[in-house]
Amino acid sequence: MVRFITFRLLGAIVVVWIVSVVTFLIFQVVPTLTDTSPVYYYIGKVPFPPDSIQFKALVHRFGFDLPLYAQYWHFLSGILLGQNITDGVSTPIVCPAPCFGYSFRQNELVGTMILNAAPVSISLLVGAAILWLVGGVAVGTLSALKPGSFVDRVGMTSSLAAVSLPIFFTGPLLLLIFEYTLGWLPDTSYAPITEDPAQWLRSMILPWVSLAFLFAALYARLTRSNMIETMGEDYIRTARAKGLGRRTVVVKHGLRAALTPIVTIFGIDVGTLIGSTIITETVFNLRGIGYLSIKSIQSLDLPVILGVTIIAAVALVVANLIVDILYAVIDPRVTV
Amino acid sequence: MSTTLPSPAVRPDGRKRAFLEVNDLRVHFPTADGVVKSVDGLSFELERGEILGIVGESGSGKSVTSLAILGLHKGSNAEVTGEIWLDGREIIAATEEEVRDLRGSEMGMIFQDPLSSLHPFYTVGAQISEAYLVHTKVSKKEARAEAIRMLEKVGIPNAPSRYNDYPHQFSGGMRQRAMIAMALICKPRLLIADEPTTALDVTVQAQILELIKQLHDELNSAVILITHDLGVVAETCDKVLVMYGGQCVETGPVDEIFYAPEMPYTWGLLRSMPRMDRDRQTRLTPIPGSPPSLINVPSGCVFNTRCPFTDRVDGDKCRTVHPNLEQGATPGHAVRCHIPAAQRQEIWLTEISPSL
């Protein structure tokens, strides 16, 4: 087990390193190709013409005249060891490790921005994930027990509808109904759970439901097909032949086996979504990582985009790692 | 339990019911292509202490019959009619809950492929004690002890530590032993073994059969052994039921079936057994053709399309009239065939028996 985890951990580190190289290259090389100095993207406004001495001084100060490998080292060492960021005039900004740089456009450390945004995204994701996992698996299981029955048809038709409805449709619809028409949720502005749990819950319910709605539909279909397959397995017949009750057969023997592949997909989905609940956050005006990334992309705020990309990659890799370890725990046939 | 089920221990004709009695069992599966008549009018009786062998090709309805006895078609789309009496209780009309209570406790079942029949995510021991716990009010610890005792009984060395192994850590023969332990832990009075040795290699087969026989002697259970291996039947069974196309075509005591069979299909089965003491060319004579479609069962005798003896019957009776299961040379021996009894016995003696 320790060996297994160590290997997976080393693998994960390699993946994150590759991601850092690729994102670095894309964001450093592409501006060069478009014949725009990355310094524009880096600090935003440059009030000097590109051939002026001041411009060259800026390029030099932020190291954009160094060879690529040196720039990459600067970037990587900044993340690993921290760095001091200075414009040469004001007092240097201390950026301890892990330092993802400084957004000159928003006058804030990228790390701080991500740290502020993360609780919002995590709140959104954890709540929605629980909702969609429980809802999707329940609907899928009920459907699978009697394929073609009324329950199955209702479940599968509504999940088809849910898959087809984008969040930018269901989100505003929910807002229209519950906030504006019924007035049940008059104020849905976000508050951290540590400060005002009730307000936090109020602000999260609609985003949870609209995000979970979409994913629950996918999970319902997935659970249904897995469950139908599992219930046809020989060991289910054995369980029935032992005289076990229906619930034990379905839950302990059927669902236990049918859920195993779903765990994998669940881990990857959650990992992916940490940085990419952009639409949900935008619709519900939640300042999470998705919102941060879309805002930074719109304003071409290079350090923030870099930081968010790497954090999102780390989240996905960690989720995958957890899934791999979990898989070895839930499926005894996986040797570790 | 017995108050909610009709429990006359005597039949309408006044005769005492056998321990297991199957009367005119039909299991039909409606499909898009038509009704699949997997079992069509099967009847037999079995007393405790007896071993009945059900033989036939794949798709002849052997396994479907055993699942019907365990009531495992309940909740599926199968249409099951007829009567199955187990110790005075009727299974087909009983509710799922009533039959569930009998499964595992009164009737145990061993399946063909022990690897796919064991749950991959639970330890072998846990699966065996689960079978015990569901029918017995004991603590988990006692169930564990009983499961280990059972594992030892079926010949698993090091049972206390193998208890915690998963099925994939067992060898094929060990898995089948574990399945047997699971099926017998509640000492069922009826044991159904559905091709218990098919997935095992030959040396292990003998051990497993020996084990089943030994446990059968010990518990005095009724055993139904489903197989397509006539060697297994000859070695183990008291009675034989030959199935073809969902029907019983011949049944009788094991000696009768092997030494005086009367039905052309049974002859075919016996001739399909390879004989090592013959020339390579004559070692094995397969039955020509393939089993009938269970959707379009041939009219007349089910076996007429493959039967080499239809010319021995006057007219077109084999293709038009469905033969009844009628008594053969001795009581207890029944045959479904249009060839006159005397002629059948003669064909066996002069044409079939010498070439075996």
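The structure contained in this document is the topic of the report that follows. (Residues numbered from 1 in each chain as written. Chains lettered and ligands numbered in written order. Predicted model: local features only at pLDDT ≥ 70, side-chain atom pairs only at ≥ 80, totals over all residues. Heavy atoms only, no water.)

### A word on the overall build of chain A
If you tally the helices and strands in chain A, you get 13 helices and 4 strands. Once the C-alpha set of chain A is aligned to its principal axes, its extents read approximately 85 × 55 × 40 Å. Across the 336 residues that make up chain A, the buried fraction comes to 44%. Taking the intrachain contacts of chain A between residues at least 6 apart in sequence as the baseline, contacts between residues at least 24 apart amount to 64%. For chain A, the centre of its 21 positive side-chain charges and the centre of its 18 negative side-chain charges are spaced 14 Å apart. (Helix = DSSP H or I, 4+ residues; strand = E, 2+ residues; numbered from the N terminus. Buried < 20%, exposed > 50% of the residue type's maximum accessible area, 1.4 Å probe, protein only. Contact = heavy atoms within 4.5 Å. Lys, Arg positive; Asp, Glu negative; His and termini not counted. Charge placed at Lys NZ, Arg CZ, Asp CG, Glu CD.)

### A closer look at the sheet that holds strand β8 (residues 222-227) of chain B
All names here are of chain B. Spatially, β6-β7-β8-β3-β9-β10-β12-β11 is the arrangement adopted by the 8 strands of the open sheet, whose pairing is mixed. Looking at which strands have only one partner, the edges of the open sheet turn out to be β6 (107-110) and β11 (325-327). Averaged over all pairs of adjacent strands, the angle between strand axes in this sheet comes to 20 degrees, irrespective of strand direction. Bridge count for strand β3 (residues 51-55) against strand β9 (residues 239-244) is 4 bridges, and the pairing is parallel. Looking at β9, one finds that Leu52 is bridged to Lys239. In the packing of helix α11 (residues 264-271) onto the sheet, contacts are made with β3, β9 and β10 (247-253), and the angle to β9 comes to roughly 105 degrees. (Pairing = 2+ DSSP bridges. Axes fitted to C-alpha atoms, helices over the stretch in contact; angles between N-to-C directions.)

### Considering the interface of chain A and chain B
Each partner contributes residues to the interface: chain A has 21 residues there, and chain B has 28 residues. The junction of chain A with chain B conceals about 2,200 Å² of combined surface from both sides, 58% of it contributed by carbon and sulfur atoms. When the buried area of chain A at its contact with chain B is split by residue, Arg237(A), Arg240(A) and Lys242(A) rank highest and sum to 29% of it. Applying the counting criterion to the chain A and chain B interface returns 3 salt bridges. Glu130(B) is the salt-bridge partner of Lys242(A), the closest N and O atoms lying 2.8 Å from each other. One can count 14 residue pairs in polar contact (both at pLDDT 80 or more) joining chain A with chain B. Counted by class, the side of chain A that touches chain B contains 6 nonpolar, 6 polar and 9 charged residues. (Buried area = accessible area lost by both parts, 1.4 Å probe. Salt bridge = Lys/Arg side-chain N within 4 Å of Asp/Glu carboxyl O. Polar contact = N/O pair within 3.5 Å; in protein donor to acceptor, adjacent residues only side chain to side chain. Nonpolar A, V, L, I, M, F, W, Y, C, P; charged D, E, K, R; others polar.)

### Focus: a nonpolar patch on the surface
Residues and elements named next belong to chain A. Taken together, the side chains of Phe168, Phe169, Leu173, Leu176, Ile177, Tyr180, Leu182, Trp184 and Ile279 define a hydrophobic patch exposed on the protein surface, amounting to about 960 Å² of accessible area. Considering each element in turn, the nonpolar patch owes the most residues, 6 residues, to helix α7 (residues 167-181). Turning to its location among the elements, Leu173 is positioned in helix α7. (Patch = residues over 30% accessible without salt bridge, like charges linked within 9 Å, V, L, I, M, F, W, Y side chains within 5 Å. Areas by Shrake-Rupley, 256 points an atom, 1.4 Å probe, with all protein chains shown as cover.)

### Observations concerning the state of the cysteines
For the structure shown, the criterion picks out 1 disulfide over all chains. A sulfur-sulfur distance of 2.0 Å marks the disulfide that ties Cys95(A) to Cys99(A). Across the S-S bond linking Cys95(A) and Cys99(A), the dihedral sits near 110 degrees, which makes this disulfide right-handed. In this structure Cys95(A) comes out as buried when scored by relative accessible area, which is 5%. A relative accessible area of 2% places Cys99(A) in the buried class. Summary of cysteine pairing: Cys237(B) is not part of a disulfide, and the nearest cysteine sulfur, belonging to Cys248(B), is at 14 Å. (Disulfide = S-S within 2.5 Å.)

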